[in-house]
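Coordinate inspection notes
Next come the chains, spelled out residue by residue.
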Amino acid sequence: MPEVANYHQELFNRISPIVEKLIQGNSLYQVKLNQREMIEMLVELFEQFSPEEMREIKDDDLIDRIDSILILEAASGTLNDLTPEQIAIFDAVVEGRPIR
């Protein structure tokens, strides 16, 4: 069991500074995401990889993967924030209809 706790801490130590830096550099992330929750979610997600697999992922690749996940998380609730009029405009654009 200690190796699981150590791996969890290893992941936390590697992922945490990446998430902090990405959130600091992106105003959308700052508005939409909770840094602590994102770190916890990502640690849990990456725990699916073995320690050996995780260690083979280069930092640049890990940054890209984490950024992609953060983009998805930040954008996932965006449509919920729109007014009915804004949703109608969005639907029209997606369907290729003229905007009224």
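Below, the structure is looked at part by part. (Residues numbered from 1 in each chain as written. Predicted model: local features only at pLDDT ≥ 70, side-chain atom pairs only at ≥ 80, totals over all residues. Heavy atoms only, no water.)

1. Examining the overall build of the protein
When helices and strands are counted, the protein shows six helices and zero strands. Counting from the amino terminus, the protein carries its helices and strands in the arrangement α-α-α-α-α-α. Against the globule reference of 13 Å for 100 residues, the protein gives a C-alpha radius of gyration of 18 Å, more extended than a compact globule. The proportion of buried residues among the 100 residues of the protein is 22%. Restricting to contacts in the protein with at least 6 residues of sequence separation, those with at least 24 account for 66%. (Helix = DSSP H or I, 4+ residues; strand = E, 2+ residues; numbered from the N terminus. Rg over C-alpha atoms; globule rule 2.2 N^0.38 Å. Buried < 20%, exposed > 50% of the residue type's maximum accessible area, 1.4 Å probe, protein only. Contact = heavy atoms within 4.5 Å.)

2. Description of helix H5 (residues 59–75)
Taking 1.5 Å per residue as the helical rise, H5 with its 17 residues ought to reach 24 Å, and the 24 Å between its terminal C-alpha atoms agrees with that figure. Every buried residue belonging to H5 is among Leu 62, Ile 66, Leu 70 and Ala 74, and all of these are buried. The buried residues of H5 all sit within an arc of 100 degrees when viewed along its axis, so they share a single face. Relative to its buried face, H5 has exposed residues pointing more than 90 degrees away, namely Asp 60, Asp 64 and Leu 72. (Expected span 1.5 Å × (residues − 1). Arc of directions from axis to C-beta.)

3. As for helix H6 (residues 84–95)
Since the α-helix packs 3.6 residues into each turn, any two residues three or four apart lie on the same face. Between the first and last C-alpha of H6 there are 16 Å, a value that for twelve residues agrees with the 16 Å anticipated at 1.5 Å per step. Looking at the residues trailing H6, positive phi occurs at Gly 96, about 80 degrees.

4. Digging into the environment of Asn 80
On the secondary structure map, Asn 80 appears in the loop between H5 and H6. Its relative accessible area of 68% is what places Asn 80 among the exposed residues. Taking C-alpha positions, Asn 80 is 37 Å from Ala 5, a pair spaced 75 residues apart along the chain.

5. Quick look at the packing of aromatic side chains
Each aromatic ring pair is characterised by the separation of its centres together with the angle its planes make. Applying the stated criterion to the full structure yields one aromatic pair. For the pair Phe 46 and Phe 49, a centre-to-centre distance of 5.9 Å together with 20 degrees between the ring planes defines the contact as stacked. A residue is classified by how much of its surface remains accessible, and Phe 49, at 29% relative accessible area, is partly exposed. (Phe/Tyr/Trp six-rings, centres within 6.5 Å; stacked < 30°, edge-to-face > 60°.)

6. Overview of the pattern of salt bridges
If the charged atoms of two oppositely charged side chains come close together, the side chains can form a pair. Counting across every chain of the model gives four salt bridges. In this structure, Arg 36 and Glu 40 form a salt bridge, with 3.4 Å as the shortest nitrogen-oxygen distance. Here Glu 40 and Arg 36 lie together in helix H3 (residues 35–46), a separation of four residues that amounts to about one turn. (Salt bridge = Lys/Arg side-chain N within 4 Å of Asp/Glu carboxyl O.)

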